[in-house]
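# Close look at the chain arrangement
Each chain is listed here by its residues.
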Number of protein chains: 4
Amino acid sequence: MEKVLRDPIHNHIYIQQQVILDLINTREFQRLRRIKQLGTTSYTFHGAEHSRFSHSVGVYEITRQICDLFERNYPSQKKDDGLWDDNERIVVLCAALLHDLGHGPYSHTFEHIFSTDHEQMTTDIITSPQTEVNQVLKKVGPNFPEKVASVIQKTYPDPQVVQMISSQIDADRMDYLLRDSYFTGTKYGNFDLTRILRVMRPYKEGITFDISGMHAVEDYIVSRFQMYQQVYFHPVSRSMEVILSHLLKRAKYLYTVNKLQLNGATDLLVPFLTGEYSLNDYLHLDDGVLNTCFAVWRDSGDEILSDLAHRFLDRHPLKSVRISPETRKYIPTLEKLVTQAGYSAEYYMDTNDSYDLPYDAYDPHSQNPRTQIELIQNDQSLVELSAISPLVNSITGKVSGDERLFFPREMLAANKQNDLFLPVYEAFDRYIHNDQVVAPE
Amino acid sequence: MEKVLRDPIHNHIYIQQQVILDLINTREFQRLRRIKQLGTTSYTFHGAEHSRFSHSVGVYEITRQICDLFERNYPSQKKDDGLWDDNERIVVLCAALLHDLGHGPYSHTFEHIFSTDHEQMTTDIITSPQTEVNQVLKKVGPNFPEKVASVIQKTYPDPQVVQMISSQIDADRMDYLLRDSYFTGTKYGNFDLTRILRVMRPYKEGITFDISGMHAVEDYIVSRFQMYQQVYFHPVSRSMEVILSHLLKRAKYLYTVNKLQLNGATDLLVPFLTGEYSLNDYLHLDDGVLNTCFAVWRDSGDEILSDLAHRFLDRHPLKSVRISPETRKYIPTLEKLVTQAGYSAEYYMDTNDSYDLPYDAYDPHSQNPRTQIELIQNDQSLVELSAISPLVNSITGKVSGDERLFFPREMLAANKQNDLFLPVYEAFDRYIHNDQVVAPE
Amino acid sequence: MEKVLRDPIHNHIYIQQQVILDLINTREFQRLRRIKQLGTTSYTFHGAEHSRFSHSVGVYEITRQICDLFERNYPSQKKDDGLWDDNERIVVLCAALLHDLGHGPYSHTFEHIFSTDHEQMTTDIITSPQTEVNQVLKKVGPNFPEKVASVIQKTYPDPQVVQMISSQIDADRMDYLLRDSYFTGTKYGNFDLTRILRVMRPYKEGITFDISGMHAVEDYIVSRFQMYQQVYFHPVSRSMEVILSHLLKRAKYLYTVNKLQLNGATDLLVPFLTGEYSLNDYLHLDDGVLNTCFAVWRDSGDEILSDLAHRFLDRHPLKSVRISPETRKYIPTLEKLVTQAGYSAEYYMDTNDSYDLPYDAYDPHSQNPRTQIELIQNDQSLVELSAISPLVNSITGKVSGDERLFFPREMLAANKQNDLFLPVYEAFDRYIHNDQVVAPE
Amino acid sequence: MEKVLRDPIHNHIYIQQQVILDLINTREFQRLRRIKQLGTTSYTFHGAEHSRFSHSVGVYEITRQICDLFERNYPSQKKDDGLWDDNERIVVLCAALLHDLGHGPYSHTFEHIFSTDHEQMTTDIITSPQTEVNQVLKKVGPNFPEKVASVIQKTYPDPQVVQMISSQIDADRMDYLLRDSYFTGTKYGNFDLTRILRVMRPYKEGITFDISGMHAVEDYIVSRFQMYQQVYFHPVSRSMEVILSHLLKRAKYLYTVNKLQLNGATDLLVPFLTGEYSLNDYLHLDDGVLNTCFAVWRDSGDEILSDLAHRFLDRHPLKSVRISPETRKYIPTLEKLVTQAGYSAEYYMDTNDSYDLPYDAYDPHSQNPRTQIELIQNDQSLVELSAISPLVNSITGKVSGDERLFFPREMLAANKQNDLFLPVYEAFDRYIHNDQVVAPE
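If you're wondering where the values come from, they're calculated on a predicted model, not measured in any experiment. (Residues numbered from 1 in each chain as written. Chains lettered and ligands numbered in written order. Predicted model: local features only at pLDDT ≥ 70, side-chain atom pairs only at ≥ 80, totals over all residues.)

The UniProt record marks residues 48-186 of chain A with the feature "domain: HD/PDEase" (unreviewed entry), using the residue numbering of this structure. Structurally, residues 48-186 of chain A is divided into 63% helix and 0% strand, and its ends, taken at the C-alpha atoms, are 10 Å apart. (UniProt positions renumbered as here; feature names shortened; annotations may be inferred. Helix = DSSP H or I, 4+ residues; strand = E, 2+ residues; numbered from the N terminus.)

Below is the structure:
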């Protein structure tokens, strides 16, 4: 009973166990079809409209391929020989498929405003007896849901299983780089997956890579770095997130303070506005539900709510420029000017930093030490990636990204004449030069 | 002031006029981001989550490229010389961009149930003074909106302009074949666009193709045929459409007869349930609004409404088999069996035909005569495509597709034991063989 | 001991047996690196410079993938059950790798002039004790070379093994369509290999395809048809073949009649000019050897030899137009005009037909009956491809291609003035219209 | 009179001037079809069989696209305004097309042994009155050949013209990265050409890039670095070059000392063995001529010549390991062991370093200062690439590559028994560990 899904990244996705098919058919998993993988990024790259469903089956497929390769080339012969025990296949496949199950609409921003936690939600959906996912998993064994959840939480004892889906080079990251690259239409994320899979090897402490594949691994790290720089940190997408964040904040404020006259569409959101929501409430959310609220709010009598909803739905991003620790001191002045021009600085200005650590070697003193990428040499000794790749070394342990200041595009003086606020705009623009905040001349 | 959008199909989309940029920034055009290009097809091909926005800018881009080629190689020297008059560029670019502006969510099914008409809507949005699109177009000229609309309605006097976006080989079809092929991950729609553009030529009666490009044009027709067979007519997508259609029918029925206890999410749909809607009501609809209604209905007390909403949102397609004029006579019997098994035949059974005419030569006796594809020979005489391509000839003027009967998958007897209804299922299954309805043995 | 070769078509080629690696390392197989897969086609499509080596390892790889799929999904349980017996793997892999081993430089034309036979040569290289290939194969078993040769000759008893590399949809054809498409840079040959492999099935009489893959098989047939029309039959490549053929004919004539003053480069060719060659002589030939002869001949005192060598090496193709049974009668007149213009009609004019039968159903009355493509339905009955595909039916059993007349481009009168022969050219041109020979007005 | 060539990298190559078409049709340019772009690299990556012809037309096409973009967006208005003067188009297109015209077979190695110089040859072919290329160029103007040659020699006064084809990011490098990546089937060289072209800008001192395209330029530099590491420096290709070099050295020695009994194939090489060659002699060389010599030498009575010819033609590379300044001291000992095992150390051992400077900022103290890559900011000031890209900075000004020691694979002791020389092999192997020369334990 092999079934296949057609997939643009992996060509076909092979479903070979009933439990995987049953999981895909649950309502909790189908819900991922209605949540975009990249949230506001599709406002910048219009092709990036793919869902978390599509990414989830992709992570499953890469994991399946790794299991096949390990089973063919490195099958365990006896306990603890550091080779691959194919009895772990089913738990790692389920974990791969379900690892993003708890994501909600516009996850990052939503969580920030409503204090939800998608990782906790993933665990809850897997382990709550009321979900279809839990019922499917229980057919494998009474504790199987908890086992799957522990893989995702990285507490599962077998490091090969954990690292397959959570490490600095795992099935999750490999799928999203390839997929996001394909759907955005950029080429930066397009590393050589088959080569990396070919040099992957199980060992006692997890997963390592044959030294002959060093450049393929290096290319993956560089690709990841470039996708962050070019796609994930794009200022326009971040601007749309800033608007979204302010929009939800305004709604929350209006609901709490004013008991916002909610009309129906907003009902599904009320539990989050009040802070009292159940798992079932959470599972009713998706991008469409939020956008439907925004469509209603766009016609609201509250001017700020209405305008922010309009800016979000109809894509009118804020303008942004880089800001640095040295120039943060100008923010109060700039806020004052924005206020003079008639905008609420609270709702129309913000800063946002996008930082990522593209790769790091293991650091026991770090709060969050990472499993470093190691390569295995002819004599079976291991060497850490950045020790032999100058390219990787150049970005190891260094955060990359920038902090930006967002404000209404209307503040720019260019091409304006006979505008009442022109002097305000001109005052504002003196702080902006070469895409950054500067000391005024 | 050239701007670009990154696009996976055309790499970049070049925006070279302010009016085009302004049109893209209107709320009516941005709404197309929230409507999937292929509706229920993403239930079969999970990558096919791209929007009508993405297709619309693609059609614009192909049209822009055609204009560039025509302007470079075939610029009109004097009136009526059959060459390209670049003064037509702006009207054809606007028409290309806006040709799908009136589409709503799940267009085909929605129109069928609620008697809306997306072509009329496109015209209305363009010509109604209340829309942002209309205001942008009016800046070009007072009658410019009507000119653009007439291109889309094919009443514009210049046949080159009309055929660029509406013929058997136009920018619209070329973009959707390439785009749908890319996002579904199939390869059938992948013809050679640059070659076709290179052999395109303006002439007095419209657009023709140099004979040297015959095989590229042939390949496009064959690709189109194959995409219909393999993607657009896929039984599972059609099954999801059948469910959607019955779901909307049920809601309409409940509203009319029972005054369905509507909770809020459904408010935006009420004008369509009552049949009294405005253009503004229509512009509030998108996929998310409908899905939000379905999420609410899934919890409804009406068992049929709730079950159909569940089947649609959580992807539980009906089963289907081919049916023919000869075997249609068994439908009443099959309906009886379905009813015996406890299903409302009205809501759980249906037939659906998917037919397309992949290509046709011009036929003056046809109700809807098509502009045939003609190739220009060395001596400037024209020859019709199917006259010189046996492949195209084999599918010319012949409808392709099939009619299918849809019913609950539960009617299949296989793998069932100790089921009260097993004899009913077995009786039903005697009519099913090799994926079609047959005379029972 | 798995080794891989990097390949642009299959990404990696997996070598999993020592015998395969050893075969690749033989001098007879390495020689294929020096013979272009498509001969004169690279004069039309400059990317098509790939060698028979590259195609041969590609055919091996597809065959290996089929074996893997068959072994995984359809392993034989007992003798004659129609499933796949993996003991056949090694013989079919060797046959796949070696099937083109006997090809020489510009195979088709060379054979025509010197009466060599590449199929016989393949057998000879495999079975002659003097070759490295034979010695490698003998390590598997004393009769193993003959077994491998019999697979290539289609006399091997197991029809699955034979059809894997010789049928209307075999590893050979599938590789060359994809490979030639990739290197020419055309898109016509780009069908869906993984889908076809997925629906392939062994059965008692050979190989069949699941009915669900009908459209993928159809697409492959159409792709094949299009590659013939667009690439393999290209008039310019055929023109270069005509020149090559006349060049070799002239050399043979000069050698026989005049004892052509051969300088050294030609030594390796002498055995073929005299008609007395050994297998070892044949194995010394490659594209470079022939081209080196031509470079020497280009400086020869024989004007025809020298001019034809120049036209071939420096790419000055003859012009060509279509000719038909009705217009063949004008050839003598045209030859007379060519002669009047100063060309030897024997060496500067020719006709050449390129016909292919893109697909045929089995016909017991045919001289050369083909194994037809059959699809297996749900009830295990078989149906022939053209019976259910109108596209395939339209090209089934019909030869496609054309016959062309080749002559010096100098015969065209266009753009000539003050030319002594202008009246001759004009007389000639009256027979040419719309790329074909016609009755003069 | 626009003509096109089909190209796998650029899809189509557009020929828009008669002089370009005429240049392509010269015998000197057609000769490039018979010289592989990557020499011995096809022994490692069998797809890399593309010719210098294919690369040359590719460089032309990229240059043509740059001219189009510059003419459209940055046309010069008056002398010395730093914008693009389209009168330069013809000279830069010719230079782009012809920049590699002087390459011979296996260029690098051949030059090393026979002291030829492909850059000088390029100039000679362009400027010698006896060549077809010269005659075609002269039709443009009497000094036009010299103008074209001066662009290639970088002495042409217009820096935009020179940098288009010779700088750290020029049409030459951009084409070969994309092309070599495509034909090898690796993905490392696949940067975003259209994005880079879009951000290219002419300015007074040459060519610069808009700051918004920084990441695309960065990606190109990284791609280049990776192609060197992964493809151009591949140890097996370098090993084949070492064999080739020794083979030619042996032939030269035999000819000089012994008056090697040359049979005919070698005639074309004699002028180089004696050191007295003309331009015409040089133009008679190509890969096939050299390989034909090798095929004859393979049957020679001189054992070393014959064995090296066999190793080269039949691909039996030497083995190699890394060596460093610290371990070079072991070479004499290793040579002694190789000699003891019966090999001439002079012909069977060698070291070879492959170093490249992937990118460098301008350094006035360098022997060979490079034009650095500069990006233009909003305020029109320039910033050097490595100053803003940590990735590029990490590889700026640092040579990358390695030095390797080559020796007969037979020296490895593994899998040998009952071999007379086993103690010698074992002594040798003590110096080899983890792919490098080490101090023996």
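So much for the structure itself; the text now carries on.
Each copy of the sequence occupies a distinct position, and chain A is placed on chain B by a rotation of 180° and an axial shift of 0.0 Å, giving an RMSD of 0.0 Å. Both copies are brought into coincidence by an operation consistent with a two-fold rotation axis. Here 100% of the interface residues in chain A have copies in chain B that are interface residues too; the copies meet face to matching face. (Least-squares fit on C-alpha atoms with pLDDT ≥ 70 in both. Contact = placed C-beta atoms within 7 Å.)

Listed by partner, the interface residues are 37 residues for chain A and 38 residues for chain B. Put simply, the parts of the chain that give the side of chain A that touches chain B at least two residues each are β1 (3-7), α2 (27-30), α3 (52-73), α10 (171-184) and α16 (287-298) of chain A. Of the residues that constitute the side of chain A that touches chain B, the class distribution is 12 nonpolar, 16 polar and nine charged. (Nonpolar A, V, L, I, M, F, W, Y, C, P; charged D, E, K, R; others polar.)

Our focus in this paragraph is the environment of L422 of chain D. Residue and element names in this part refer to chain D. Within the element layout of this structure, L422 appears in helix α22 (residues 422-429). According to the C-beta neighbour criterion, L422 is exposed, with 12 such atoms within 10 Å. Taking C-alpha positions, L422 is 8.9 Å from M411, a pair spaced 11 residues apart along the chain. Beyond its immediate sequence surroundings of up to four residues, L422 is in contact with A413 and K416. (Buried ≥ 20, exposed ≤ 12 C-beta atoms within 10 Å, placed from the backbone.)

Below, the discussion takes up the sheet that holds strand β3 (residues 200-203) of chain A. Strands pair in a sheet through their backbones, by hydrogen bonds, and they do so in one of two ways: parallel or antiparallel. Residue and element names in this part refer to chain A. The four strands are arranged β3-β4-β7-β8 in an open sheet whose pairing can be described as mixed. Among the strands making up the open sheet, the edge pair consists of β3 and β8 (382-384). Each strand of the sheet is rotated relative to its neighbour by a mean of 45°, with strand direction disregarded. Both strand β7 (residues 374-376) and β8 contribute to a ladder of three bridges, which runs antiparallel. Of the residues in β8, the one forming a bridge with E374 is E384. (Pairing = 2+ DSSP bridges. Axes fitted to C-alpha atoms, helices over the stretch in contact; angles between N-to-C directions.)

On to the domain arrangement of chain A. Residue and element names in this part refer to chain A. Per the domain assignment, the segments of chain A are domain 1 (3-233), domain 2 (235-317) and domain 3 (319-372 + 401-441). The C-alpha-based centres of domain 1 and domain 2 are spaced at 30 Å. Opposite the 21 residues of domain 1 that make contact, domain 2 presents 20 residues. Those elements giving two or more residues to the side of domain 1 that touches domain 2 turn out to be α5 (107-114) and α6 (118-127). Residue contributions to the side of domain 1 that touches domain 2 peak at four residues, all from α5. Of the residues that constitute the side of domain 1 that touches domain 2, the class distribution is eight nonpolar, eight polar and five charged. (Domains from an automatic or database assignment.)

Turning our eyes to something else, we now look at the pairing of strand β2 (residues 11-15) of chain B. Residues and elements named next belong to chain B. Direction of pairing for strand β1 (residues 3-7) relative to β2: antiparallel, over a ladder of five bridges. Residue pairing in the sheet places D7 in a bridge with N11 of β2. The hairpin turn running from β1 into β2, its antiparallel successor, is three residues long.

The subject of this paragraph is the packing of helix α10 (residues 171-184) of chain C against helix α12 (residues 214-232) of chain C. Residues and elements named next belong to chain C. Running from N to C, α10 and α12 point in directions that differ by 45°, and their axes come no closer than 11 Å. It follows that α10 is oblique to α12 by the angle criterion. As α10 packs across α12, the resulting crossing turns out to be left-handed. In contact with R173, L177, D180, S181 and T184 of α10, α12 contributes S223, R224, M227 and V231. Across the contact of α10 with α12, the residue classes break down as three nonpolar, three polar and three charged. (Parallel < 35°, antiparallel > 145°, perpendicular 65-115°, else oblique. Left-handed = near helix turned anticlockwise from the far one by under 90°.)

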